[in-house]
Amino acid sequence: MGIFSDKNDTDKEDLKRIKEIIISTGNINRSYVVRDVVFATTKIEADLFDPSVDPNESLAGIKLELQQKAYAYGANAVINCHFDHDHVLQDGKTYLQIFAYGTVVQYIQSTIGG
């Protein structure tokens, strides 16, 4: 690799690192420092209670947004996440509005016995 790296390689590396950031609705069993609290919102056309809709797929975008915000801090996880949603009927279509937030944390090294 030369002095100037290919932007696509950087994007792939960034995306790989972003996807490794843990999103958890609870705490984690590691030592960490709190970096910040982050918020994300989105609105998608979907009826979450329609049997043909996969909720995991529908929420993937909001999870990615939380991961991207954590990545900007150089963090490892977003913990104690909360997800709230509302169904909105607009122009005959059902939309899902999602509000999410969590605590951005960065792992720290701990020593045994101290």
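Structure's up top.
Residues numbered from 1 in each chain as written. Predicted model: local features only at pLDDT ≥ 70, side-chain atom pairs only at ≥ 80, totals over all residues. Heavy atoms only, no water.

Engineer: Mind laying out the layout of surface pockets, listing which residues take part and the relevant values?
Structural biologist: Any empty space left between the atoms is revealed when a probe the size of a water molecule rolls over them. For the largest pocket, the calculated volume is near 170 Å³. The biggest single contributor to the lining of the largest pocket is helix H2 (residues 55-72), with eight residues. Tallied by class, the residues present in the lining of the largest pocket amount to five nonpolar, three polar and two charged. (1 Å grid on protein atoms, 1.4 Å probe; cavity = no way out; pocket = protein on both sides within 12 Å on 5 of 7 lines; lining within 4 Å. Points joined across faces, edges and corners; volume = space filled by probe spheres on them. Helix = DSSP H or I, 4+ residues; strand = E, 2+ residues; numbered from the N terminus. Nonpolar A, V, L, I, M, F, W, Y, C, P; charged D, E, K, R; others polar.)

Engineer: Outline the side chain of Ser-58, supporting the account with residue identities and numerical values.
Structural biologist: Relative to the helices and strands, Ser-58 is located in helix H2. Each residue touching Ser-58, except ones within four places of it in the same chain, is listed here: Ile-44, Leu-48, Val-53 and Ile-98. (Contact = heavy atoms within 4.5 Å.)

Engineer: Give a detailed account of the side chain of Thr-103, specifying residues and quantitative values.
Structural biologist: On the secondary structure map, Thr-103 appears in strand E4 (residues 93-107). Accessibility expressed as a relative area gives 18% for Thr-103, which makes it buried. Dropping the residues within four chain positions of it, Thr-103 is found in contact with Val-34, Asp-36, Val-37, Ala-77, Val-78 and Ile-79. (Buried < 20%, exposed > 50% of the residue type's maximum accessible area, 1.4 Å probe, protein only.)

Engineer: So what's going on with unusual backbone geometry? Residues and values would help.
Structural biologist: With a phi close to 50 degrees, Asn-80 is a non-glycine residue in the positive phi region. For Asn-80, a relative accessible area of 33% puts it in the partly exposed group. Its identity as a non-glycine residue notwithstanding, Asp-91 has a phi of 55 degrees, on the positive side. With respect to the element layout, Asp-91 can be found in the loop between strand E3 (77-90) and E4. Asp-91 sits in the exposed class, given a relative accessible area of 73%.

Engineer: Describe the nonpolar core, listing the residues and the values that go with them.
Structural biologist: Among the nonpolar cores identified, the biggest contains 14 residues, and Val-38, Ile-62, Leu-66, Ala-70, Val-78 and Val-104 are the most heavily contacted of them. Put simply, the parts of the chain that give this core at least two residues each are strand E2 (32-45), H2, E3 and E4. Looking at this core, the element that brings in the most residues is E4, giving four residues. The contact partners of Leu-66, leaving out residues within four places of it in the chain, are Ile-23, Val-38, Ala-40, Val-78, Cys-81, Phe-83 and Ala-100. Counting five residues, the second-largest nonpolar core is a separate cluster that includes Ala-77, Ile-79, Val-105 and Tyr-107. (Core = buried A, V, L, I, M, F, W, Y, C linked by side-chain atoms within 4.5 Å.)

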